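# Secondary and tertiary structure notes
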Amino acid sequence: QQPVQSPQAVILREGEDAVINCSSSKALYSVHWYRQKHGEAPVFLMILLKGGEQKGHDKISASFNEKRQQSSLYLTASQLSYSGTYFCGTERGRDDKIIFGKGTRLHILP
Amino acid sequence: SQTIHQWPATLVQPVGSPLSLECTVEGTSNPNLYWYRQAAGRGLQLLFYSVGIGQISSEVPQNLSASRPQDRQFILSSKKLLLSDSGFYLCAWSVFQEYFGPGTRLTVT
């Protein structure tokens, strides 16, 4: 039931773009995205509820393909502050438990 | 506004000793509560979740247990710690999205 994230790790130069994928073998109700800095608790980025939904703020956005049971997180013109580990969390139903993927480590070089 | 408290922030315990970690939430009622463990450099492993007082679901069979004596209080316990229990323990609550507490870094020696 654990969603699969890819890639496992990414190294980028500042200003480059990145895409992180999250896929599930089961139908999903929602997908959550979080970023965790080293030694800190994860911080909520966004939640997607409807198939085809896209959300974003600043230069971080995400899409949710409900039929494909997949979500992607897009980081555009990456900044040094984007470094960290990104987790997707999935719910199969409303008020269901959230199961997180293993995370994608993103390292931005100056 | 909602706030989640966890304590202690760090803990060093010998193998075989008991454990009690506490988590409390303010500013909301009847939240879903979660305990996660994160080993060094690893992902978030769901340990327990609770949808109400006295309602606990265990995700991983192990020597840990959880209790929810009050609506906004979630406790993680162990009678005898193992070396493999070391990690970063995170409490979280959700009504619509999940909010994580600051975490407890546990080292079992």
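Residues numbered from 1 in each chain as written. Chains lettered and ligands numbered in written order. Predicted model: local features only at pLDDT ≥ 70, side-chain atom pairs only at ≥ 80, totals over all residues. Heavy atoms only, no water.

Let us now look at the interface of chain A and chain B. With 20 residues of chain A at the contact, the number on the chain B side is 20 residues. Taking both partners together, chain A and chain B bury about 1600 Å²; carbon and sulfur atoms supply 58% of that area. Counting the contacts that link chain A with chain B gives 1 salt bridge. Across the pair Lys97 of chain A and Glu59 of chain B runs a salt bridge whose closest N-O atoms are separated by 3.0 Å. At the surface where chain A touches chain B, the tally comes to 3 residue pairs in polar contact (both at pLDDT 80 or more). Taken together, the elements giving at least two residues each to the side of chain A that touches chain B come down to β4 (30-36), β5 (43-48) and β10 (99-100) of chain A. A per-element tally of the side of chain A that touches chain B places β4 of chain A first, with 3 residues. Here the residues of the side of chain A that touches chain B sort into 10 nonpolar, 4 polar and 6 charged. (Contact = heavy atoms within 4.5 Å. Buried area = accessible area lost by both parts, 1.4 Å probe. Salt bridge = Lys/Arg side-chain N within 4 Å of Asp/Glu carboxyl O. Polar contact = N/O pair within 3.5 Å; in protein donor to acceptor, adjacent residues only side chain to side chain. Helix = DSSP H or I, 4+ residues; strand = E, 2+ residues; numbered from the N terminus. Nonpolar A, V, L, I, M, F, W, Y, C, P; charged D, E, K, R; others polar.)

This brings us to the layout of surface pockets. If a probe as big as a water molecule is rolled over the atoms, it shows which places are left empty. In this model, the largest pocket occupies a volume close to 950 Å³. Around the largest pocket, the lining is made up of 32 residues, and of these Gln38, Gly41, Arg42, Gly43 and Leu44 of chain B lie nearest the centre. Within the residue set of the lining of the largest pocket, elements represented by two or more residues are β1 (4-6), β9 (84-91) and β10 of chain A together with β4 (32-38), β5 (45-52), β9 (87-94) and β11 (104-108) of chain B. Sorting elements by how many residues they give to the lining of the largest pocket places β9 of chain A first, with 3 residues. Its residues assigned to classes, the lining of the largest pocket comprises 11 nonpolar, 14 polar and 7 charged. (1 Å grid on protein atoms, 1.4 Å probe; cavity = no way out; pocket = protein on both sides within 12 Å on 5 of 7 lines; lining within 4 Å. Points joined across faces, edges and corners; volume = space filled by probe spheres on them.)

Before going further, it helps to examine unusual backbone geometry. Leave glycine aside and you will find that most residues have negative phi; peptide bonds, for their part, are mostly trans. A cis amide bond links Ser6 of chain A with the next residue in sequence, Pro7 of chain A, at an omega value of -5 degrees. Summarising the element assignment, Pro7 of chain A is placed in the loop between β1 and β2 (9-13). Across the junction of Trp7 of chain B and Pro8 of chain B, the peptide omega takes the value 0 degrees, indicating a cis bond. Within the secondary structure layout, Pro8 of chain B lies in the loop between β1 (3-7) and β2 (10-13). In the Ramachandran plot, Ala77 of chain A falls in the positive-phi region, its phi being about 50 degrees despite a non-glycine side chain. Relative to the elements of secondary structure, Ala77 of chain A occurs in the loop between β8 (70-75) and β9. When its relative accessible area of 24% is taken as the criterion, Ala77 of chain A is described as partly exposed. Positive phi, normally seen in glycine, also occurs at Asn30 of chain B, with a value near 50 degrees. (Buried < 20%, exposed > 50% of the residue type's maximum accessible area, 1.4 Å probe, protein only.)

Below, the discussion takes up the packing of aromatic side chains. Under the counting rule described, the total for this entry stands at 10 aromatic pairs over all chains. Centre to centre, the rings of Tyr34 of chain A and Phe44 of chain A are 5.6 Å apart; their planes meet at 70 degrees, and the pair counts as edge-to-face. Placement of the pair is Tyr34 of chain A in strand β4 and Phe44 of chain A in strand β5, with a sequence separation of 10 residues. Its relative accessible area of 0% is what places Tyr34 of chain A among the buried residues. With 5.9 Å between their ring centres and 55 degrees between their planes, Phe100 of chain A and Phe100 of chain B make a pair best called tilted. One end of the pair, Phe100 of chain A, is in strand β10; the other, Phe100 of chain B, is in strand β10 (residues 98-100), on a second chain. (Phe/Tyr/Trp six-rings, centres within 6.5 Å; stacked < 30°, edge-to-face > 60°.)

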